[in-house]
Amino acid sequence: MAPPKLTLFLDIISPFAYIAFHVTRNSPVFKNCEVTYVPIFLGGVMKACGNTAPIEIKNKDKWINLERRRWQRAFNIPMLENSPQPFPQPTLNPQRALCAIQSSHPAQLTDCFAALYQAFWVEGQTIGKPEIFGPVLEKVLGVEAAKGVLEAAKGKEAKERLSGNSDWAMDEGAFGLPWFVATDGEGRKECFWGVDHLGQVVEHLGLDRGKEAGLRAML
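All residue numbers refer to positions counted from 1 along the written sequence of the respective chain. Thresholds applied to this predicted model are a pLDDT of at least 70 for local features of residues and 80 or more for the giving and counting of side-chain atom pairs; totals over whole chains, interfaces and linings are not thresholded and use all residues. To get the side-chain values, take all heavy atoms of the structure and skip hydrogens and water.

### A few points about the pattern of salt bridges
And step 1. Salt bridge, as used here, is a side-chain nitrogen of Lys or Arg placed within 4 Å of a carboxyl oxygen of Asp or Glu. A full pass over the atoms with the stated rule returns ten salt bridges.
And step 2. Where R25 meets D111, a salt bridge forms, and the shortest distance between an N and an O atom there is 2.7 Å. Here R25 is found in helix α1 (residues 15–26), whereas its partner D111 is found in helix α5 (residues 109–122), with 86 residues between them in sequence.
And step 3. Burial classes follow relative accessibility: with a 1.4 Å probe on protein chains only, a residue under 20% of its type's maximum area counts as buried, one over 50% as exposed, and anything between as partly exposed. In this structure D111 comes out as partly exposed when scored by relative accessible area, which is 37%.
And step 4. Across the pair E172 and K189 runs a salt bridge whose closest N-O atoms are separated by 3.1 Å. A residue pair is termed long-range when its members are at least 10 positions apart, and E172 in the loop between α8 (156–171) and β3 (179–183) and K189 in strand β4 (residues 189–193) qualify at 17 residues. Strands are runs of DSSP state E lasting at least two residues, helices are runs of H or I lasting at least four, and both sets are numbered from the N terminus onward.

Written as C-alpha cells, this is what we have:
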C-alpha cells in the first residue's frame, strides 16, 4: 500500500495555516506521511470566493485570536501572544518569492516557509517588505541564491505560479486556510479546512495520533 499523502496550501498571513504547518512538519504523527506545502495568495482566494476576513466580522474579530491561542497552547507552538502589527499585512511579495523558491530551490521550500513563519508569527517582523523577508530567506538559501529569488519573484513565472497555485487550491474546494488535501494509502482523497479538523485529517490518512495533546483535544 502506498504511503498517505497530504497537500497543505499556505499563506504566511494565516495564523492557523502556521499552526497546521508547524504540526505537520514537526509532529511524529506525520512522520510516515508525504507532505507537500504549496504557497498561495489567501487574499485572492477569499476575494474570488466572496469570503469575508474573520477580523472584519463583529465578535469573530475578537474570538479568532482567542481560538488561535488555544490551538497554539494545545500544540505547544511558539507564537506571539497577539497578532503581529499591523495586521493584516500584504503578503503578495513573500508568497511570490516562495513560488520562485518552489521552482528553483524546491528542496528548501519547507525551510523557507518555516523561516518566514518564525519571522512573522514569532518575532513580529513586517514580513511583506523585501528588505525584511529577503534577509530571512538569506539565512536559508545563502546571500546569492536569495538575491536571485527576490529578482525572480518580480517576474512573470513567479506571478503565474502563485496564480496557478491559488487556482489549484480553489479547484480543490478551498475558501480559506489551512486547506488540506489528504489521500490515504488506498488512493481515497478527502479535503479538510481548518486546524480544528486536523484530527479528521489524521483519521482519514490512517495515522496514529498517539499521545499528541493537540490532536487528542479533537476527540
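There is more to say after this.
### Considering the nonpolar core
And step 1. Counting residues in hydrophobic clusters, the biggest one holds 65 residues, and the most contacted among them are I19, F30, F75, F113, Y117 and L137.
And step 2. Per-element accounting of this core gives the leading share, ten residues, to α5.
And step 3. Should any heavy atoms of two residues lie within 4.5 Å, those residues are counted as being in contact. Ignoring any residue separated from it by four or fewer positions in sequence, one finds L137 in contact with A97, I101, C112, L116, G142, A146 and V149. We call a set of buried residues a nonpolar core when its members are Ala, Val, Leu, Ile, Met, Phe, Trp, Tyr or Cys and they connect through side-chain atoms within 4.5 Å of each other.

### A look at the layout of surface pockets
And step 1. Of the voids in this model, the largest pocket is the one considered here, and its volume is about 890 Å³.
And step 2. Per element, the largest residue contribution to the lining of the largest pocket is eight residues, and it comes from helix α3 (residues 60–75). Here a cavity denotes a set of grid points, spaced 1 Å apart and computed over the protein atoms alone, in which a 1.4 Å probe fits but from which it cannot get out, and a pocket denotes an open set meeting protein on both sides within 12 Å along at least five of seven lines; residues with an atom within 4 Å of a point are reported as lining. Grid points are joined across faces, edges and corners, and a volume is the space filled by probe spheres set on the points.

### Re the UniProt feature "active site" (unreviewed entry) in the protein chain
And step 1. UniProt positions are given in the numbering used here, feature names are shortened, and annotations may be inferred rather than shown by experiment. In the UniProt entry, the feature "active site" (unreviewed entry) is given for S14.
And step 2. Along the polypeptide, S14 turns up in the loop between β1 (5–10) and α1.
And step 3. Owing to a relative accessible area of 6%, S14 belongs among the buried residues under this scheme.
And step 4. When sequence neighbours within four positions are dropped, the list of residues in contact with S14 reads L42, Y117, W121 and L177.

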